[in-house]
Structures are given as C-alpha cells and as structure tokens.
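Notes for the structure review
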Amino acid sequence: MYKKNDQFEKFENKVWLSSPTMYPDSMRYVMEAYETNWMSTVGANINEVEKIAAETSETKYAVGLSCGTAALHLCMKLAGERLYGKPPVGIGALQNKRVFCTDMTFNATLNPVVYEGGIPVFIDTEYDSWGMDPVALEKAFEMYPDVKLVVYAELYGFPGNVKQIKEICEKHGALLVEDAAEAMGATWEGKQCGSYGDYAAVSYNGNKIITGSAGGCLLTNSLEDANQARKWSTQARENAAWYQNEEVGYNYRMSNVIAGVIREQYDHLKDHIAQKKTIYEKYKEGLKNLPIMMNPFDEMKAEPNYWLSSLLIDEDAMCEQVRSETEALYIAEEGKSCPTEILEAISSINAEGRPIWKPMHMQPMYRMHEFVTISGSGRAKTNAYIAGEVKDVGADVFQRGVCLPSDNKMTVEQQEKIIEIIKACFE
Ligand SMILES: *Cc1c(COP(=O)(O)O)cnc(C)c1O
C-alpha cells in the first residue's frame, strides 16, 4: 500500500509518458525548406518522407498528410468507394454500413468510419496481445456475413496476429484498414505493421515513436489509390487551369516544413525502438516479483516497437476500484493495488502514467452499438455485460491495466525510482 508520506522525492523535470525527442540536427531539412522558400505543401521533404515511409513500412506507396487521422479518413474513403461505389455528394462512402472495429484503441482509429457514415461494431480484445480477438472477429462474420470492412489497430506498438486477421478478412471478402499509428517499425512474422492492411496509416503526432510535431502517411500498394488520396488531400482539384471540381475535397496535405522534421526523425526510428525496448525490459525485470504482467506479445512472431510499456495487475491482487464516467476511487489494501493508486503514486513524484485506453464499447457515444466477444454479443451496455455473464476482455484490461512512463529520455535512475514507487503500492 502506497502511503502519501513515504519518502519519495519529486523529479525536478517531469518524466512524460512519451514526448518528442529532438536532436541538434533536427531542423536541418526545415532550414532547407526555409532557405529555398518551399514553405507550403509541395517540396523535396514531402517527396522524401513519402519515399522513406513506403520503404520503412514495406508498402509500395505512401501519401504524406497532415495527421494520422486524416490518413485513416482517406483509408475509409478509398475502402468505402471500392466496396460500395462512389456515393452522391453529401453521403458518406460507408453510409449505414457496419464496420468491424478494434475495441481497445484510441478513438481516432474509428472516428473516420463515422465521418463516412459507417456504423462501428466493436470486436473484443484478446488477452494475448490486447489486440482484436480473431475468434470474436470470426463470430462477428457469422452474425453479419455482409460486412466488408475491418479496422484493426496495434495497441501501444505490440502487434497481435494481424496476419490471421487479414486471412479472416480475405476469407469473407472484406477489406482491412490497418491503423499502425502506434506501431511504426514493429513487425509480425518479420513483416512490418502497416503492410498487412489493404490501406494503412502511420502517425507522426508529438507522442509517437518518431514525430514531426504532427503529420501522418497513408500506405497502400495501389498507385491509383495513392494518387486518388493525394488528389483528395489537396482539395480534389481536377486537371484544369481553373479550379475545377468533380468531387468533395480536403485540405489534408502534409506541410513541407513538417515533412522536414519527419524526414530527419526517420534516422532515429531504430534507436528509439531500441531505447523503448530497454525501458520495457527494465520494467519487466524490476517488477518481476509483483503480481503483474507487462504488455503481452507472442515472442516468436511479434517484434514490438515497445512504444508504451504497460502493466496488468493480477485479478486477485486488485484492491477495490470504481470508476464513474470521469472519476475514480479506490480503497487501499495491504498487498494489493489498482491502476488509480499506481497513477497517483507515479504522479506524486512528477511522472506521467495513464489508464489503458478506455475501450470504445464503454464510451457513452457508442453505448447502443454492438459489441462482439468470444462468449457472447449484443448491445454494449446490456445487462449481460453488466452482470458479468459475458466475459468482456476490454473492460477487464481497462480495469486492471496502467500505461507507465515510457519516455525515451527518462534516465535509468528515474526509471528505478518509478519501479520503487510501484513496488511500494503493493506493500
Ligand atoms: C495517435 C493515433 C492516431 C491518430 O494519429 P494523429 O496523427 O494524432 O491524427 C490514430 N490511431 C491511434 C491508435 C493512435 O494512437
């Protein structure tokens, strides 16, 4: 049990969950853009980022965009139009179509489904990877054989069996959008995350493994689709001297200035992954005598990028914890702990942790949406889930899991102190 009066000194500078890591040379391509006046959404940096992103992710084409969410939006549009044809103006490409979505993820994975009028159906999580459960996905296809799109996200950079997910999609004639925003550089069976989807997205947001402060890329093996996405992203201008429009457009193109930062950051991707791996392994070793486990993954097939180290407390080592929509309470108990207590403890020394991403089926806006688990299915908030008759893996991992400070600039001493304070929670 962590006591507030335990002697733990605060860090002078906050240790972040995951923050940008810049280098003396980080502005070199930005300066090039500035000095040559390529300050808009055209230029050498964008071209280079597209080349490097495609190579790194083992796909043929990458389209540089303003953020990962924009990339996912254009993924949904490409998939929707390929599946259902071009909709009339004002109607989404996925209008009223069910789409099977990863449940335990950040909402940006599936907001774009909703932008296009689609109806997310949430697929429960597997304990082995905290990714979408392939068995639950099969079950969802039994219930809704006409569904033609699956959206899969790798959580915290720890890949699940995305190959099997892809095979299930192929068997049912469905397309796969892969949200690799958190998993850049991670692999499954030696193949890059982002290369499994028919369409995929990576992100260069400030908290990701490499960053341009913002930015994202859409990934695809289709030249035609890459060109279509690029056209949409620049207001869908037709080839004419004046502004000629045949379809709705977006202002989603990557800036050549931002691209300058991203271009330089790619040189550090491998190092960042190595640093994150060291952090993960240090937590694993330091916390090995506690009733917890670290992010699970298949050690034979997955090579994570270790973006966020997280832990899951054993069921019988959980003290009582309740959460409303916005607040949490717990009752401290000897020998036990809970995410809320650990987060309080970490924060008391000026470090940043975070609860596991709250599953989508638990979000108020999706309360009435369908949720499919291996043991049952129905509306997200039915009595069966509340009474615990249906095993809800996502809710369980949310209840017991914590994301730990994983900044690659955290010192060994700082991490050791974080480990000590987590241990104190279980005393
Ligand atoms: C960060 C993130 C996104 C969104 O990327 P942005 O570049 O911030 O728009 C999408 N999905 C997941 C899983 C993410 O973590």
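Residues numbered from 1 in each chain as written. Predicted model: local features only at pLDDT ≥ 70, side-chain atom pairs only at ≥ 80, totals over all residues. Heavy atoms only, no water.

Some remarks on the environment of Thr-220
Note the threshold: Numbering of helices and strands runs from the N terminus, with a helix taken as a DSSP run of H or I at least four residues long and a strand as a DSSP run of E at least two residues long. Using a 1.4 Å probe on the protein chains alone, a residue whose accessible area is under 20% of its type maximum counts as buried, one over 50% counts as exposed, and one in between counts as partly exposed. Think of a polar contact as two N or O atoms within 3.5 Å of one another; within protein, one of them needs to be a possible hydrogen donor and the other a possible acceptor, and neighboring residues in sequence only count if both atoms come from side chains.
Relative to the helices and strands, Thr-220 resides in strand E9 (residues 216-220). Residue classification places Thr-220 among the buried positions, given a relative accessible area of 2%. Along the primary structure Thr-220 and Leu-311 are separated by 91 residues, whereas in three dimensions their C-alpha atoms are 34 Å apart. A polar contact of 3.1 Å, which involves the side chain of Thr-220, links it to the backbone nitrogen of Ser-222.

A few points about the sheet that holds strand E11 (residues 302-303)
Quick reminder of the rule: Only strands that DSSP links by at least two bridges are regarded as paired with each other.
Across the sheet, which stays open at both edges, the 3 strands sit in the order E7-E6-E11 with antiparallel pairing between neighbours. On the outer flanks of this sheet lie strand E7 (191-192) and E11, each paired with one strand and no other. One ladder, built from 2 bridges, connects strand E6 (residues 187-188) with E7; its direction is antiparallel. In the strand pairing of E7, Thr-187 is matched with Gln-192.

What to know about the sheet that holds strand E10 (residues 292-294)
The line we're drawing: By definition, residues are in contact when any of their heavy atoms lie within 4.5 Å. The convention used is that axes are lines fitted to C-alpha atoms, helices contributing only their stretch in contact, and that angles between N-to-C directions extend from 0 to 180 degrees.
One open sheet holds the 4 strands; their spatial order is E10-E12-E18-E15, and the pairing between them is antiparallel. Where the open sheet ends on each side, the last strands, each with one partner, are E10 and strand E15 (354-355). Strand direction decides the pairing type here: E15 and strand E18 (residues 401-403), joined by 2 bridges, are antiparallel. Bridging across to E18, Pro-355 finds its partner in Val-402. This element, helix H10 (residues 339-348), spans strand E12 (310-313), E15 and E18 of the sheet and lies at about 25° to E18.

A look at the packing of aromatic side chains
The cut-off we apply is this: Stacked, tilted and edge-to-face are the three classes applied to pairs of Phe, Tyr and Trp rings, where Trp contributes its six-membered ring and a pair requires centres within 6.5 Å; stacked means planes under 30 degrees apart, edge-to-face means over 60, and tilted covers the rest. A ring is scored as having a charge over it whenever the NZ atom of a lysine or the CZ atom of an arginine sits within 6 Å of its centre and within 35 degrees of its normal.
The full count for this structure, using the stated rule, is 12 aromatic pairs. Ring centres of Phe-158 and Phe-297 lie 5.8 Å apart, and the angle between their planes is 50°; on these two criteria the pair is classed as tilted. Taken as a pair, Phe-158 in the loop between strand E4 (149-153) and helix H6 (162-171) and Phe-297 in the loop between E10 and E11 lie far apart in primary sequence, 139 residues in all. Residues Tyr-204 and Tyr-266 carry aromatic rings whose centres are separated by 5.9 Å and whose planes lie at 70° to one another, so their mutual orientation is edge-to-face. In this pair, Tyr-204 is assigned in the loop between strand E8 (199-203) and E9 and Tyr-266 in the loop between helix H8 (256-265) and helix H9 (269-286), connecting sequence segments 62 residues apart. In this structure, Tyr-204 and Tyr-266 share a single accessibility class: buried. Lying over the aromatic face of Tyr-84, Lys-97 brings its terminal NZ or CZ to 4.6 Å of the ring centre. Of note, Arg-263 hangs over the ring of Tyr-29, and the distance from its end group to the ring centre comes to 3.8 Å.

As for a nonpolar patch on the surface
Here is the rule: To count toward a patch, a residue needs a relative accessible area above 30% and no salt bridge. Like charges then connect within 9 Å, nonpolar side chains (Val, Leu, Ile, Met, Phe, Trp, Tyr) within 5 Å. To be clear on the numbers: accessible area is Shrake-Rupley with a 1.4 Å probe, and residue cover counts the displayed protein chains and nothing else. Definition used for salt bridges: Asp or Glu carboxyl oxygen within 4 Å of a side-chain nitrogen of Lys or Arg.
A cluster of nonpolar residues, Met-27, Met-31, Tyr-34 and Met-39, forms a patch on the protein surface that exposes about 410 Å² of accessible area. Tracing the backbone through its elements, the reader meets Met-31 in helix H1 (residues 28-35).

Comments concerning the pairing of E8
Most of E8 is tucked away, with 5 of its 5 residues classed as buried. Side-chain alternation along E8 places Tyr-199, Ala-201 and Ser-203 on one buried face and Ala-200 and Val-202 on a second face that is also buried. Bridge analysis of strand E5 (residues 175-179) against E8 gives 3 bridges, and the strand direction is parallel. Bridge assignment links Val-177 to a residue of E8, and that residue is Tyr-199.

Observations regarding the UniProt feature "active site" (unreviewed entry) in the protein
Put simply, the rule reads: UniProt positions are given in the numbering used here, feature names are shortened, and annotations may be inferred rather than shown by experiment.
Here the UniProt-annotated "active site" (unreviewed entry) positions come out as Lys-208. As for its position among the elements, Lys-208 is in the loop between E8 and E9. Here Lys-208 falls in the buried class, since its relative accessible area comes to 11%. Ignoring any residue separated from it by four or fewer positions in sequence, one finds Lys-208 in contact with Ala-181, Glu-182, Ser-203 and Trp-307.

Focus on the site of the ligand
Quick note on the threshold: Definition of nearness: a residue and a molecule or strand are near each other if at least one heavy atom of the residue lies within 4 Å of the molecule or strand. Only Asp, Glu, Lys and Arg are considered charged, only Ala, Val, Leu, Ile, Met, Phe, Trp, Tyr, Cys and Pro nonpolar, and every remaining residue, Gly among them, polar.
Every one of the 15 residues lining the ligand counts as a neighbour, but Thr-69, Asp-179, Glu-182, Ser-203 and Lys-208 are closest to it. Within the side chain of Glu-182, an N or O atom sits 2.6 Å from an oxygen atom of the ligand. Protein contacts shield 93% of the accessible area of the ligand, which totals 380 Å² for the unbound molecule. In terms of residue count, the dominant contributor to the shell around the ligand is helix H3 (residues 68-84) (3 residues). In terms of residue class, the shell around the ligand is made up of 5 nonpolar, 7 polar and 3 charged.

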